[in-house]
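Here are the chains, one letter per residue:
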There are 2 protein chains.
Amino acid sequence: MTESFTLDPALERDSLLVGHSAAGQVRLHRDARWPWLLLIPERPGLRELHELDEAARTQLWSASAAISEALLRAGPAEGKLNVGVLGNRVAQLHLHHVLRWPGDPAWPDPVWGRPGATAYAKPEQIVAQWQAALGAVLG
Amino acid sequence: MTESFTLDPALERDSLLVGHSAAGQVRLHRDARWPWLLLIPERPGLRELHELDEAARTQLWSASAAISEALLRAGPAEGKLNVGVLGNRVAQLHLHHVLRWPGDPAWPDPVWGRPGATAYAKPEQIVAQWQAALGAVLG
């Protein structure tokens, strides 16, 4: 019997589906303070990056590169990316991509666990913008 | 003229050289609160993960996987890894690998920017232990 993939309920609640890439779901974090995209491989039980085999890893970092480029294009010239896996609160593997810039609401501290989240006024519009920006990745 | 690689002075100050892998320098963070290893590709001007080409990416994530496995072996059964690039304070690309566990000194918050760093009593001993644990990666 094959266990099927179920998105963690906290990820489901805190983010919106943008689309599916070859490497997994791309989701927009609901916190509007930073452009923040998650890439979530749809494999049950996955927790750590190094659990992916080389083929899956190549696929993941190729999609991640496209997401990264799209985020940097969307921001100021001095934009910087935070890209990584934490999983302290939600163990299911999810790769964060957060666009940062000097003077952003947490700079230079990390965004994770930072109180004061704000919501997008029209999240479905922002999702549509990311769908357009990530067209090739979402296939 | 080729620009040569120079390690950022803040990385030099805050970490100790463990050795050289095919993907770059492996360094131990001086903060003893968490087993914390950095992987730093030795290429001048590198800031973001996606700037690496596919061959360099494969090399990076292969070394990262070995570092990750060594960190998990060194910790409790419920260990979790934080693996990622931030670069808010130091733009030079450095990939963090931090071993976390429920109840650690920042759990479940991030470690970056967390005040209260403690120093290893005998850092050269810890470096030697990581050299042994990472033997194959350090070649």
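Above: the structure in question.
A quick note: this is a predicted structure, and the numbers were derived from the prediction, not measured. Starting afresh in each chain, residues are numbered from 1 along the sequence in its written order. Labels are handed out in written order, letters beginning with A for the chains and numbers beginning with 1 for the ligands. pLDDT decides what is reported in this predicted model: residues at 70 or higher carry local features, side-chain atom pairs at 80 or more are listed and counted, and totals for whole chains, interfaces and linings draw on all residues regardless. Neither water nor hydrogens contribute to the side-chain values; these are computed over all heavy atoms in the structure.

Now for the sheet that holds strand 5 (residues 95-100) of chain A. Picture the strands of a sheet paired through backbone hydrogen bonds; they go either parallel or antiparallel. Reading across from one edge, 1(A)-2(A)-3(A)-5(A)-4(A)-4(B)-5(B)-3(B)-2(B)-1(B) is the order of the ten strands in this open sheet, with antiparallel pairing throughout. Looking at the sheet topology across the chains shown, the edges are occupied by strand 1 (15-21) of chain A together with strand 1 (15-21) of chain B. Here the strands of the sheet are splayed against their neighbours by 20° on average, with no regard to which way each runs. Whether two residues are in contact is decided by their heavy atoms: any pair within 4.5 Å suffices. Helix axes are fitted only over the stretch in contact, all axes being lines through C-alpha atoms; the angle between N-to-C directions runs from 0 to 180 degrees. Labels follow the DSSP assignment, with helices taken as runs of H or I lasting at least four residues and strands as runs of E lasting at least two, numbered in each case from the N terminus. Lying on the sheet, helix 3 (residues 123-133) of chain A is in contact with strand 1, strand 2 (24-29) and strand 3 (36-40) of chain A; it crosses strand 1 of chain A at an angle near 20°. Strands strand 1, strand 2 (24-29) and strand 3 (36-40) of chain B of the sheet are contacted by helix 3 (residues 123-133) of chain B, whose axis makes an angle of about 20° with strand 1 of chain B. Two strands pair under a simple rule: DSSP has to find at least two bridges between them.

Burial here depends on accessible area, computed with a 1.4 Å probe over protein chains only, as a share of the maximum for the residue type. Under 20% is buried, over 50% is exposed, and the range in between is partly exposed. In terms of burial, strand 4 (residues 80-85) of chain A is a largely internal element, six of the six residues being buried. Going residue by residue along strand 4 of chain A, you find K80, N82 and G84 of chain A tucked away on one face and L81, V83 and V85 of chain A tucked away on the opposite face as well. Sheet topology note: the strand 4 of chain A/strand 5 of chain A ladder contains five bridges and is antiparallel. From the neighbouring strand, L81 of chain A faces strand 5 of chain A, where its bridge partner is L99 of chain A. Inspection of the sheet shows strand 4 of chain A paired to strand 4 (residues 80-85) of chain B by three bridges, in the antiparallel sense. Residue pairing in the sheet places G84 of chain A in a bridge with G84 of chain B of strand 4 of chain B.

All names here are of chain B. When you line up the elements, D14 lands in helix 1 (residues 9-14). Owing to a relative accessible area of 30%, D14 belongs among the partly exposed residues under this scheme. Sequence separation of D14 and A66 is 52 residues, and the distance between their C-alpha atoms is 22 Å. With sequence-adjacent residues up to four places away left out, D14 is seen in contact with L28, H29 and R30.

Our focus in this paragraph is the relation of the copies chain B and chain A. The copies are overlaid by a least-squares fit using only the C-alpha atoms of residues whose pLDDT is at least 70 in both copies. In screw terms, the move from chain B to chain A is a rotation of 180° and a rise of 0.0 Å along the axis, fitting with an RMSD of 0.0 Å. Both copies of the chain, as the preceding transformation shows, are related through a two-fold rotation axis. When C-alpha positions in chain B are compared against the rotation axis, the closest is assigned to G84 of chain B, at 1.9 Å. With an isologous cut-off of 70% or more, the 100% of interface residues of chain B that recur at the interface of chain A puts this contact in the isologous class.

Our focus in this paragraph is the packing of aromatic side chains. Think of it this way: a Phe, Tyr or Trp ring, Trp meaning its six-membered ring, pairs with another when their centres are within 6.5 Å, and the plane angle makes it stacked under 30 degrees, edge-to-face over 60, tilted otherwise. Per the counting criterion, the structure on display carries four aromatic pairs over all chains. For the pair W112 of chain A and W112 of chain B, a centre-to-centre distance of 6.1 Å together with 45° between the ring planes defines the contact as tilted. Pair noted here: W112 of chain A is in the loop between strand 5 and helix 3 and W112 of chain B is in the loop between strand 5 (95-100) and helix 3, and the two residues belong to different chains. Since its relative accessible area comes to 10%, W112 of chain A is described here as buried.

Once that is clear, we can look at unusual backbone geometry. The omega torsion across W107 of chain A and P108 of chain A is -5°, close enough to zero to call that bond cis. The residue P108 of chain A is located in the loop between strand 5 and helix 3 in this model.

Attention now goes to the interface of chain B and chain A. Listed by partner, the interface residues are 32 residues for chain B and 32 residues for chain A. Buried area: the accessible surface (1.4 Å probe) lost by two parts on joining, summed over both. Here chain B meets chain A over a buried area of about 2800 Å², counting both sides, of which 53% is carbon and sulfur. Among the residues of chain B in contact with chain A, H50, K80 and N88 of chain B are the three that bury the most area, contributing 24% of the side total. Salt-bridge detection follows one rule: a side-chain nitrogen of Lys or Arg within 4 Å of a carboxyl oxygen of Asp or Glu. Here chain B is connected to chain A by four salt bridges. Contacts described as polar in this section are N or O atom pairs within 3.5 Å, which, within protein, must combine one atom able to donate a hydrogen with one able to accept it, while residues neighboring in sequence count only if both atoms come from side chains. Linking chain B with chain A are 24 residue pairs in polar contact (both at pLDDT 80 or more), by the criterion used here. Elements that contribute at least two residues to the side of chain B that touches chain A include exactly helix 2 (54-74) and strand 4 of chain B.

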